[in-house]
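An overview of the molecular structure
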Amino acid sequence: MRIMRNLLQILTLFIALLWASGDGQSDDFQKGNAAFKKKDYASALREWSALAKQGHARAQNGLGLLYLNGLGVKVDTNRALKWIQKSANADDPRGQVNLGRMFARGQGVPKSDYSAIIWFSRAAEQGHTRAQYNLGVMYENGKGVPKDPPIAAKWYRLAAEQGYANAQFKLGYFYNQGLGVSKNLKTGFKWSKLAAEQKHPNAQYNTGIHYQYGNGVPKNLKTAVKWYRLSAEQGFADAQLNLGFMYEYGKGISKNTKTAVDWYRLAAKQGNADAQSNMGVMYENGKGVSKNLNTAIDWYRLAAKQGHTRAQGQLGWMHLNGEGISKDPKTALKWIKPAADKGDKFAQGNLGYMYEFGVGVSKDRKTAIKWYRLAANQGSAYAKKRLKILQ
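Please read all numbers here as calculations on a predicted model, not as lab measurements.

Re the overall build of the protein chain
- For the protein chain, the count of helices and strands is 21 helices and zero strands.
- Rg of the C-alpha trace for the protein chain: 30 Å, well past the compact-globule value of 21 Å for 391 residues, more than 25% over.
- The principal-axis extents of the C-alpha atoms in the protein chain amount to approximately 120 × 45 × 40 Å.
- Out of the 391 residues in the protein chain, the part that is buried amounts to 46%.
- Residue pairs at least 24 apart in sequence account for 42% of intrachain contacts in the protein chain once pairs closer than 6 positions are excluded.
- A total accessible area of about 20,100 Å² is found for the protein chain, and carbon and sulfur atoms account for 51% of it.
- Charged side chains of the protein chain number 58 positive and 27 negative; the gap between the two group centres comes to 4 Å.

Here's the deal with the packing of aromatic side chains
- On inspection of all chains with the given rule, the structure shows 13 aromatic pairs.
- When the ring of Y133 is compared with that of Y156, the centres are 5.7 Å apart and the planes differ by 40 degrees; the resulting orientation is tilted. Linking Y133 in helix α7 (residues 129-141) with Y156 in helix α8 (residues 149-160), this pair joins segments that are 23 residues apart in sequence. Residue Y133 shares its accessibility class with Y156, and that shared class is buried.
- Taken together, the ring pairs connect Y133, Y156, Y164, Y173 and F174 into an aromatic cluster.

Examining the packing of helix α6 (residues 113-124) against α7
- Following both chains from N to C, one finds α6 and α7 inclined at 145 degrees, their axes separated by 8 Å at the closest point. Once α6 is placed against α7, the crossing between them reads as left-handed. Judged by residue contacts, D113, A116, I117, F120, S121, A123 and A124 of α6 engage A131, Q132, N134, L135 and M138 from α7.

Some remarks on the packing of helix α18 (residues 329-341) against helix α19 (residues 345-357)
- One way to put it is that α18 packs onto α19 with a least axis distance of 8 Å and a crossing angle of 135 degrees. In terms of orientation, α18 and α19 fall into the oblique class. Judged by the sense of rotation from one axis to the other, the crossing of α18 with α19 is left-handed. Note on element contacts: α19 touches α18 through A347, Q348, N350, L351 and M354, opposite P329, A332, L333, I336, K337, A339 and A340.
- Considered class by class, the residues forming the contact of α18 with α19 number nine nonpolar, two polar and one charged.

Notes on the nonpolar core
- In terms of nonpolar packing, the biggest core is built from 49 residues, with W48, L63, L66, L99, M102 and L135 touching the most fellow members.
- The contacts of W48, once residues within four sequence positions are left out, are F29, G32, N33, F36, A59, G62, L63 and L66.
- The next biggest cluster of nonpolar side chains, apart from the first, holds 41 residues, and it includes A196, A237, M282 and W335.

A few points about helix α17 (residues 309-321)
- With 13 residues, α17 extends 18 Å between its outermost C-alpha atoms, agreeing within 8% with the 18 Å of an ideal straight helix rising 1.5 Å per residue.
- Within the span of α17, buried status applies to A311, Q312, G313, L315, G316, M318, H319 and L320.
- For α17, the elements touching its buried residues are α15 (273-285), α16 (293-304), α18 and α19.
- G322 sits one or two residues past α17 and shows a positive phi near 70 degrees.

Some points on the confidence of the model for the protein chain
- Taken as a whole, the protein chain shows an average pLDDT of 93; of its residues, 94% reach a score of 70 or greater.
- Of the regions scoring below 50 in pLDDT, residues 1-23 engages in zero contacts with residues more than four places distant in sequence or in other chains.

Criteria and thresholds
Residues numbered from 1 in each chain as written. Predicted model: local features only at pLDDT ≥ 70, side-chain atom pairs only at ≥ 80, totals over all residues. Heavy atoms only, no water. Helix = DSSP H or I, 4+ residues; strand = E, 2+ residues; numbered from the N terminus. Rg over C-alpha atoms; globule rule 2.2 N^0.38 Å. Buried < 20%, exposed > 50% of the residue type's maximum accessible area, 1.4 Å probe, protein only. Contact = heavy atoms within 4.5 Å. Areas by Shrake-Rupley, 256 points an atom, 1.4 Å probe, with all protein chains shown as cover. Lys, Arg positive; Asp, Glu negative; His and termini not counted. Charge placed at Lys NZ, Arg CZ, Asp CG, Glu CD. Phe/Tyr/Trp six-rings, centres within 6.5 Å; stacked < 30°, edge-to-face > 60°. Axes fitted to C-alpha atoms, helices over the stretch in contact; angles between N-to-C directions. Left-handed = near helix turned anticlockwise from the far one by under 90°. Parallel < 35°, antiparallel > 145°, perpendicular 65-115°, else oblique. Nonpolar A, V, L, I, M, F, W, Y, C, P; charged D, E, K, R; others polar. Core = buried A, V, L, I, M, F, W, Y, C linked by side-chain atoms within 4.5 Å. Expected span 1.5 Å × (residues − 1). pLDDT = per-residue confidence, 0-100.

Following this line, the structure appears as structure tokens:
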């Protein structure tokens, strides 16, 4: 009995020492973590370096990230790889997902989507949300694996159910589009809104779309404006565009063309072609700004260079008629033809005019009729009138 009692005392002491060691390591890790959150990277480096050498997997991952991103130290991808790999090999899901990202990006290792999949999978199977999301992205885009929308949806769902906003947004998008799941706008709205409530700008924009058009939820323009604004204020260009549209036409909010221009301009400066074209319209017609054809042309040109159909057609028309710029039939043709090819009825009517009267091209009655007919089929009154004369 005495021997058993002694053995029990020794075992109890051993367990206590283990717990004390673990608690001490945990405390030291949290000190490093707190320093990291305060951007005191030198202190984080000090705390995590000591722990990493003792085999603390989370500290090894944290230390690797400091070296990978040059936080408190010079960027050193070799050291980053060393510590993150140790963490991953110790089965820490954080280290595994970060090692997967290094392979996906080719940081410190040869780029390998296949290797990234392996490490993301190991972390995802442990329930790591970002790894589950990353796997969804890989399967959605066919990186390292064949494209497989249903499998992508599976991984997005697992991460979304844990509250990961990026995955909630993606799952909402999948339901809205019917990718890998049966199309269901109500379910798409549900997931989009959950992500939107976490301030995900793209999800806020999509939630605005749901409310504007009544997709899976009763139509509510005021609520659509609310979500567009939340997204737009985060700098999301599509939301800035749509918010401008709502102000321009007074949908869900009082009409205000000046405010519309403000939002269009923000989106246009980010390169949004629709917003650039809208800026052209506003300057051409003096809506919300002083009329300025030169500025209108500048905005149309920016959008037209991106292949924006309406901007191409309008820019061509302005060159054709000398609106705000010298008449230039050849340049007019350059912009009108691609817009007409893409089905713009006004461009098709203008191209018919050019061939009928030989403006910028050789006269060609048959070709004129061809373009007039295409425009007329879309309801162009001018094209219908010219067809009656020519036929």
